[in-house]
Amino acid sequence: MSAQLAPGERRQDPFRVRQGPRLGNRLAKALVTTAGAALLVAGLIFDSFVYYSLRSAMIDDLMVQARIAADNSSAAILFDDPKAATETLGVLHASPSILRAELRDTHGRLFAVYHAPGSGPERLVGEMHETSPAGGAQAAAIATMPHGHRIAGDRLYVSQPVHEAQRVVGSVWLMASLDPLYRRVAMHVGITVLATLLAFGLAFVLVIRIRRDVDAAESRLDYLAYFDPVTGLPNRHAANEQIERLIGTVGRTSQGFALMLLDLDDFKVVNDTLGHDIGDQLLRALAARLTQHLRSAEVAFRFGGDEFVVLAPRLAGRASLEQLGRTAMLALETPLEVAGHEIQVRSSIGVAQFPADAGDAAGLVRAADTAMYDAKGRGKNTFSIFDAEMERIARSRMRLDADLRRAIERDELRLLYQPIVDLKQQRMVGVEALLRWMHPELGIVAPAEFIALAESSGVIVDIGQWVLHTACRQLRSWTDAGHGGLYVAVNVSARQIRRGLRQQVEAALEASGADPRGLELEITEHSMVEDIDSNVAQLAAVRALGIRVAVDDFGTGLSSLAYLKRLPINKLKIDRTFVKDLPGDEDDAAIALAVMSMARSLGLNVVAEGVETEAQRDFLARHGCECAQGFLFGPAVDPATVTELLRRHQAPGPVWPVPFPPSGRAPLRLA
């Protein structure tokens, strides 16, 4: 990746979309062939119908004329009057298709004959001799032939008996030319061919238009298959093909190639605050910025959502990979101008190399993704180069996440309770419920190792509900044992609040029968500021049940008085960060005194966390801190030990210090 392309330098992307057979061509051929075949078959059927219809009509017409001539010729044969018979046959001149007519007696003797005008008798007689049983040696067979019609070549022959008083006295023979029939059929065929050609031409025009639309749609689909419509960059599918192509070409060389995965940090904020249209414009501007900073051999892809991939061939060595990452960070350093907004884009980047970090395309993408999440874990807006340890940690997190989802049903979670002491009375007034995970293989897993994982995966809601139900049942148990003045503080996460905190608390109280006045919910400043209006309403609904609310780890988050005065809370808990160096550290002392003074002004109680020495306790008590918790009063313990402590509080004599073994680490919290 170079700083920027030189003016006039033409970028040559190694990525190319391969065009396969065009669907439009195949569709056009199929439509044209189908239309042509359909029109041909339809024309043949129609012309055949016309031919047989016209021929049938012609036969019927000749049969009628032969029957009329036979009826009018019986008297001429009976009285042996050839002249009258010839006159009778002469009326057939009105039918232009009749070429010859013969009247014969029962012995086959020619009695009268008619010739069509323009037809030579010798030729017509020759035709009769060749194509009919009439004339010559075949004359005797005429009387015995069945009457009706027959077709021979281009001639149609019709015979009809002559009757007189129920007696056959002769027969009439007509010979007609089929040329008029053929001319009419030929005319119909011509019209059919013309209509077919016109229809075929229209169909072809329609097919061309359809093909144009199909080609346009196919080109659009081809584009969408390989390119992102928002940024115009090649998409994930194209990236996967290009990775495989590089693996097959330069990937096996000594240099190999690098894959850089960029994930925009907090891009959701842009969509939520400025709208998705501005978000799309930002992606386009970012794509253009990345493209400007690519070398000629490097290609940028939009991998999906707010992720981009850059493939850089012929890169080897950690120094080259680090230079690639630094150049990418430099490309994003200058804010982008989008629709009048100046937006500073920040990105977490992971870089991996083939074949050093993976043996296939999927493994290479996974390696870059692992490195990218490592960059996010180191504070975002930076880059990481993949190494094997990252993969080991990622696999461990994956396994831990899978085990954590089954921890509740396997009964692997435990609650321990750390005493909260009234500094004036030196008596335990409450306990804070702290979560521990008893993993069957890893042993005790501290909350610092799995709470963040539970938050990111969403399983924190189920764990939080389990904590609420378990703490409320224990509170009811202590109340039934006669320790009604004790309260239990439970940490709740931001996700629990967003899911409807009141419903969750009500369900836990109803299931356990615990007194809501004995329950205290602890929230962090971070969990409140994400959606302050909704969270204030949620906490107000909880306060209406008689439950107390405390702000935990006060001073470590966004300690804004504007937020603080809006929160329906009862208590502030000073974080151990400001307690551990009391009373010697003047800055911590000033902060602790300011918090206690502010709390008194707002009518809030104060609890100090992490109290480990008597000097810390005395300083806090002297300046008006009501309660404290820490190793001075005891670590987090199981419910049975808390019950023993409660019995000691009821007995005369000193309660503190409690003989707990010293510990070098502070208790860990749920939220």
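These notes cover the structure that comes with them. (Residues numbered from 1 in each chain as written. Predicted model: local features only at pLDDT ≥ 70, side-chain atom pairs only at ≥ 80, totals over all residues. Heavy atoms only, no water.)

**Some words on the sheet that holds strand 12 (residues 383-385)**
Ordered by their spatial adjacency, five strands build an open sheet running 7-8-6-11-12, and the pairing between neighbours is mixed. In this open sheet, the two strands that pair with only one neighbour each are strand 7 (299-304) and strand 12. On average, adjacent strands in this sheet sit at an angle of 20 degrees to one another, irrespective of strand direction. One ladder, built from seven bridges, connects strand 6 (residues 257-264) with strand 8 (residues 307-313); its direction is antiparallel. Each bridged residue has a counterpart across the sheet, and for Ala258 the counterpart in strand 8 is Ala312. (Pairing = 2+ DSSP bridges. Helix = DSSP H or I, 4+ residues; strand = E, 2+ residues; numbered from the N terminus. Axes fitted to C-alpha atoms, helices over the stretch in contact; angles between N-to-C directions.)

**A look at the packing of helix 10 (residues 361-377) against helix 11 (residues 388-405)**
Contact geometry of helix 10 with helix 11 gives a least axis separation of 9 Å together with a crossing angle of 80 degrees. Here helix 10 lies roughly perpendicular to helix 11, going by the angle between them. Contacts from Thr370, Ala371 and Asp374 in helix 10 reach Met390, Glu391 and Ala394 in helix 11. (Parallel < 35°, antiparallel > 145°, perpendicular 65-115°, else oblique. Contact = heavy atoms within 4.5 Å.)

**Quick look at unusual backbone geometry**
Following Phe354, the chain continues to Pro355 via a peptide bond in cis, the omega torsion being 5 degrees. In this fold, Pro355 is placed in the loop between strand 11 (347-354) and helix 10. A cis amide bond links Leu582 with the next residue in sequence, Pro583, at an omega value of -5 degrees. With respect to the helices and strands, the residue Pro583 is situated in the loop between strand 19 (571-574) and helix 19 (586-602). Positive phi is not limited to glycine here, since Asp80 has a value of about 55 degrees. With respect to the element layout, Asp80 can be found in the loop between helix 1 (23-78) and helix 2 (82-90). Non-glycine residue Asp266 carries a positive phi angle of around 55 degrees. Topologically, Asp266 is positioned in the loop between strand 6 and helix 7 (267-274). According to the relative accessible area criterion, Asp266 is partly exposed, its value standing at 47%. (Buried < 20%, exposed > 50% of the residue type's maximum accessible area, 1.4 Å probe, protein only.)

**Looking at helix 10**
Helix length check: helix 10 (17 residues) gives 24 Å between terminal C-alpha atoms against 24 Å at 1.5 Å per residue, within 8%. Those residues of helix 10 lying buried are Ala361, Gly363, Leu364, Val365, Ala367, Ala368, Thr370, Ala371, Met372, Ala375 and Lys376. The opening residue of helix 10 is Asp360, an N-cap whose side-chain oxygen sits 2.7 Å from the backbone nitrogen of Gly363. After helix 10 finishes, the residue Gly379 shows a positive phi value of roughly 110 degrees. (Expected span 1.5 Å × (residues − 1). Polar contact = N/O pair within 3.5 Å; in protein donor to acceptor, adjacent residues only side chain to side chain.)

**Quick look at the packing of aromatic side chains**
Overall, the coordinates contain three aromatic pairs when judged by the stated rule. Here the aromatic rings of Tyr51 and Tyr52 are separated by 5.0 Å at their centres, their planes lie at 75 degrees, and the arrangement is edge-to-face. Geometrically, the ring pair formed by Tyr417 and Trp478 is edge-to-face, given 5.2 Å between the ring centres and 75 degrees between the ring planes. Taken together, the residues span a long stretch of sequence, with Tyr417 in strand 13 (residues 413-422) and Trp478 in helix 13 (residues 460-480) at a distance of 61 residues. Looking at Tyr417, the relative accessible area reads 1%, which means it is buried. A cation sits over an aromatic face here: Arg236 above Phe303, 4.1 Å from the ring centre. Over the ring of Tyr487 we find Arg548; its NZ or CZ atom is 4.4 Å from the centre of that ring. (Phe/Tyr/Trp six-rings, centres within 6.5 Å; stacked < 30°, edge-to-face > 60°. Lys NZ or Arg CZ within 6 Å of the ring centre and 35° of its normal.)

**Digging into the sheet that holds strand 4 (residues 155-164)**
The strand order across the open sheet formed by five strands is 2-1-5-4-3, and the pairing between neighbours is antiparallel. Two strands bound the open sheet, and with one partner strand each, they are strand 2 (110-115) and strand 3 (148-152). Across the sheet, the mean angle from the axis of one strand to that of its neighbour is 15 degrees, orientation sign disregarded. Pairing of strand 1 (residues 98-105) with strand 2, which is carried by five bridges, proceeds in the antiparallel orientation. Of the residues in strand 2, the one forming a bridge with Arg104 is Leu110. Strand contacts of helix 2: strand 1 and strand 2, with the helix running at about 30 degrees to strand 2, the strand carrying the most contacts.

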